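Architecture and fold: a report
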Amino acid sequence: MGDAVELEAAGRTVRLSSPDKVFFPERGFTKLDLARYYLAVGPGILRALRNRPTTLERYPDGVTGESFFQKRAPKNMPDWIPTAHITFPSGRSADEMCPTEVAAVLWAAQFGTLTFHPWPVRRTDVDRPDELRIDLDPQPGTDYADAVRAAHELREVLHEYGGLLGWPKTSGGRGLHVFVPIQPNWTFTQVRRAAIAVARELERRMPEHVTTAWWKEERGEKIFVDYNQTARDRTIASAYSVRPRPHAPVSAPLRWDEVDDARPQDFDLATMPARFAEHGDVHADMDDHAFSLEALLELASRDEHDHGLGDLPYPPEYPKMPGEPKRVQPSRAKKERG
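Residues numbered from 1 in each chain as written. Predicted model: local features only at pLDDT ≥ 70, side-chain atom pairs only at ≥ 80, totals over all residues. Heavy atoms only, no water.

Looking up the chain in an unreviewed UniProt entry gives the name DNA polymerase domain-containing protein, with the organism given as Streptomyces acidicola.

Here it is in structure tokens:
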């Protein structure tokens, strides 16, 4: 698989063993191709990961091999990569890596990391998110174009409730993610409550196209606003992350004027470096902003007071949360009643 090579990033040297190991057989991309990709988009992915506890999605034998999510910082991690101590919903805790330089991304790629999943917090305050992340997830029978329609209406909702701005990116699949930088003044529970308020308002405006239904059997052919992606320990693939699919797509940051005409399949490990060289990181100004959630939390309160709309179900692995409705699949609940 070839002799080891050394790559340099901002004065830091990272050793890459087995550089010719094929990670994406369909395209012939190797471990070295992966590392060079992350070097090419380095300022962009570092902006997305900097100082964030980050879970690594690793494929040591490439995309066709076994994979796992590594939450705890590897024991062999260099001491120049800092960590943050985070707590999971179960009450357990761990130290996760927090990239502060591009070399940390290359080091993770050396061990087969394809996708980086950063928490929406910084290591200086791991309990208060500084991003509201909205996941527009196309359900069977819908596609990227449907997600685009929802994203434009979402943009209006965000503007109307607090003058919020969102930065869109492809998911690396058929969906869209919209990230809103926020002041780190609210807990995970409060940020999730704001996400639910956004989702419900979007659903009210586009009832035939958008759903907040947690249970798949109730969603239909709509765009699901996955509000639970804002729950503690739920993460979304970072901008510029390579996704584990045969053609090596990447999660591509977009400008709003690009969203309509973008084709998610056009952004991959081979094409993104040229785009980055030409346009740079189109989300580079995101960290210059920090918005308030007060207007969205007021909307959530009105939903509860005026319409009786309280909390929504958490994912199944979470402990029962205060105020959460029964976490029972509707068809199963119907059978139990019958």
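A few words on the layout of surface pockets. Roughly 570 Å³ of internal volume is contained in the largest pocket. His 117, Gln 229, Thr 235, Ile 236 and Arg 243 are, among the 23 residues lining the largest pocket, the residues nearest its centre. Per-class residue counts for the lining of the largest pocket are six nonpolar, eight polar and nine charged. Viewed by domain, the lining of the largest pocket spans two of them, domain 1 (5–124) and domain 2 (131–234 + 289–307), each represented by three or more residues. Volume-wise, the second largest pocket comes out at about 240 Å³. Lining the second largest pocket are 17 residues, and of these Arg 192, Arg 193, Ile 196, Gly 310 and Asp 311 sit closest to its centre. Within the residue set of the lining of the second largest pocket, elements represented by two or more residues are α5 (188–205) and α7 (294–307). The element that contributes the greatest number of residues to the lining of the second largest pocket is α5, accounting for seven residues. Counted by class, the lining of the second largest pocket contains seven nonpolar, four polar and six charged residues. (1 Å grid on protein atoms, 1.4 Å probe; cavity = no way out; pocket = protein on both sides within 12 Å on 5 of 7 lines; lining within 4 Å. Points joined across faces, edges and corners; volume = space filled by probe spheres on them. Nonpolar A, V, L, I, M, F, W, Y, C, P; charged D, E, K, R; others polar. Domains from an automatic or database assignment. Helix = DSSP H or I, 4+ residues; strand = E, 2+ residues; numbered from the N terminus.)

Time to look at the pairing of strand β12 (residues 176–181). Remark: a regular strand shows side chains that alternate across the two faces of the sheet. Across the six residues that make up β12, a large majority, six, are buried. By the alternation rule, side chains of β12 split into Leu 176, Val 178 and Val 180 and His 177, Phe 179 and Pro 181, which are all buried. Of the strand pairs in this sheet, strand β10 (residues 131–138) and β12 are connected by six bridges, and their pairing is antiparallel. Paired with Glu 131 across the bridge in β12 is Pro 181. (Buried < 20%, exposed > 50% of the residue type's maximum accessible area, 1.4 Å probe, protein only. Pairing = 2+ DSSP bridges.)

A few words now on the sheet that holds strand β14 (residues 223–225). Ordered by their spatial adjacency, five strands build an open sheet running β11-β12-β10-β14-β13, and the pairing between neighbours is mixed. The strands lining the two open edges of the sheet, one partner per strand, are β11 (167–170) and β13 (210–211). One ladder, built from three bridges, connects β10 with β14; its direction is antiparallel. Bridging across to β14, Leu 136 finds its partner in Val 225. α5 contacts β10, β13 and β14 of the sheet and is inclined by roughly 40 degrees relative to β10. (Contact = heavy atoms within 4.5 Å. Axes fitted to C-alpha atoms, helices over the stretch in contact; angles between N-to-C directions.)

A few words on the environment of Glu 156. Within the secondary structure layout, Glu 156 lies in helix α4 (residues 144–160). Assessed through its relative accessible area of 40%, Glu 156 is described here as partly exposed. Placed 169 residues apart in sequence, Glu 156 and Pro 325 show a C-alpha to C-alpha distance of 29 Å.

Non-glycine residue Asp 233 carries a positive phi angle of around 75 degrees. With respect to the helices and strands, the residue Asp 233 is situated in the loop between β14 and α6 (272–279). Residue Ala 248 is not a glycine yet carries a positive backbone phi of 55 degrees. Take Ala 248: it is sitting in the loop between β14 and α6.

Per the domain assignment, the segments making up the chain are domain 1 (5–124) and domain 2 (131–234 + 289–307). Using C-alpha coordinates to define each centre, domain 1 is positioned 28 Å away from domain 2. Taken together, the contact between domain 1 and domain 2 spans nine residues of the former and five residues of the latter. Across the interface of domain 1 and domain 2, roughly 750 Å² is buried in total on both sides, 50% from carbon and sulfur atoms. Ranking the residues of domain 1 by area buried against domain 2 places Pro 89, Trp 119 and Pro 120 at the top, with a combined share of 56%. Seen at the junction of domain 1 and domain 2, the total is two salt bridges. Among the ionic pairs, Glu 131 bridges to Arg 52, the shortest N-O distance being 3.0 Å. Our count for the contact surface shared by domain 1 and domain 2 stands at five residue pairs in polar contact (both at pLDDT 80 or more). (Buried area = accessible area lost by both parts, 1.4 Å probe. Salt bridge = Lys/Arg side-chain N within 4 Å of Asp/Glu carboxyl O. Polar contact = N/O pair within 3.5 Å; in protein donor to acceptor, adjacent residues only side chain to side chain.)

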